[in-house]
Amino acid sequence: MNDELFAIEDITVALATRLMEEKGMDMIDALDAMYNSDRFAKVVDKSTGLMCQSDAYIYDYLNHEIETGKMG
């Protein structure tokens, strides 16, 4: 269980940091966008296995979700 939590925390930090750097978001907006996305919901759903993917892979889908306005 702890390994899964660490993986989710690492992904959270990486995604939020990348949103701030590439989209110019402040921390609150980056975390809000990430936590309210369908993509992040799939990361924390253990059955998807998405938490084992690279943060770059996950970010591409998150970015697409944000750009198309298809947020959860």
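This is a predicted model, so every value here is computed, not measured.

Visitor: I'm lost on the pattern of salt bridges in this one. Help?
Guide: A side chain of one charge can pair with a side chain of the opposite charge when the charged atoms of the two come close. In this structure the tally under the stated criterion is 3 salt bridges. Of the charged contacts, one joins Lys23 and Glu67 as a salt bridge, the two residues approaching to 2.9 Å between their closest N and O atoms. One end of the pair, Lys23, is in helix H1 (residues 2–23); the other, Glu67, is in helix H4 (residues 55–68), and 44 residues separate them in sequence. Exposure remark for Glu67: the relative accessible area of 56% places this residue in the exposed category.

Visitor: Any chance you could explain the packing of aromatic side chains here in plain terms?
Guide: Where two aromatic rings form a pair, the distance of their centres and the angle of their planes describe that pair. For the structure shown, the criterion picks out 2 aromatic pairs. Measuring from centroid to centroid gives 5.2 Å for Tyr35 and Phe40, while their planes differ by 80°, and the two rings are edge-to-face. Ring centres of Tyr57 and Tyr61 lie 5.1 Å apart, and the angle between their planes is 65°; this geometry places the pair in the edge-to-face category. One end of the pair, Tyr57, and the other, Tyr61, are both in helix H4, 4 residues apart, so they sit about a helical turn from each other. A relative accessible area of 36% means that Tyr57 is categorised as partly exposed. Residue class for Tyr61 comes out partly exposed when judged on its relative accessible area of 39%.

Visitor: In this structure, what is going on with the nonpolar core? I would like to understand it.
Guide: As a rule of thumb, nonpolar side chains are buried together in soluble globular proteins. Counting residues in each nonpolar core, the largest one holds 15 residues, and the members touching the most others are Ile11, Leu15, Leu19, Met34, Phe40, Val43 and Ile58. Beyond its immediate stretch of four places on either side in the chain, Met34 contacts Thr12, Leu15, Ala16, Leu19, Phe40 and Leu62.

Visitor: Is there a simple way to think about the environment of Gly49 in this case?
Guide: Residue placement: Gly49 occurs in the loop between helix H3 (38–44) and H4. A C-alpha to C-alpha distance of 15 Å links Gly49 and Tyr59, two positions 10 residues apart in sequence.

Conventions we followed
Residues numbered from 1 in each chain as written. Predicted model: local features only at pLDDT ≥ 70, side-chain atom pairs only at ≥ 80, totals over all residues. Heavy atoms only, no water. Salt bridge = Lys/Arg side-chain N within 4 Å of Asp/Glu carboxyl O. Helix = DSSP H or I, 4+ residues; strand = E, 2+ residues; numbered from the N terminus. Buried < 20%, exposed > 50% of the residue type's maximum accessible area, 1.4 Å probe, protein only. Phe/Tyr/Trp six-rings, centres within 6.5 Å; stacked < 30°, edge-to-face > 60°. Core = buried A, V, L, I, M, F, W, Y, C linked by side-chain atoms within 4.5 Å. Contact = heavy atoms within 4.5 Å.

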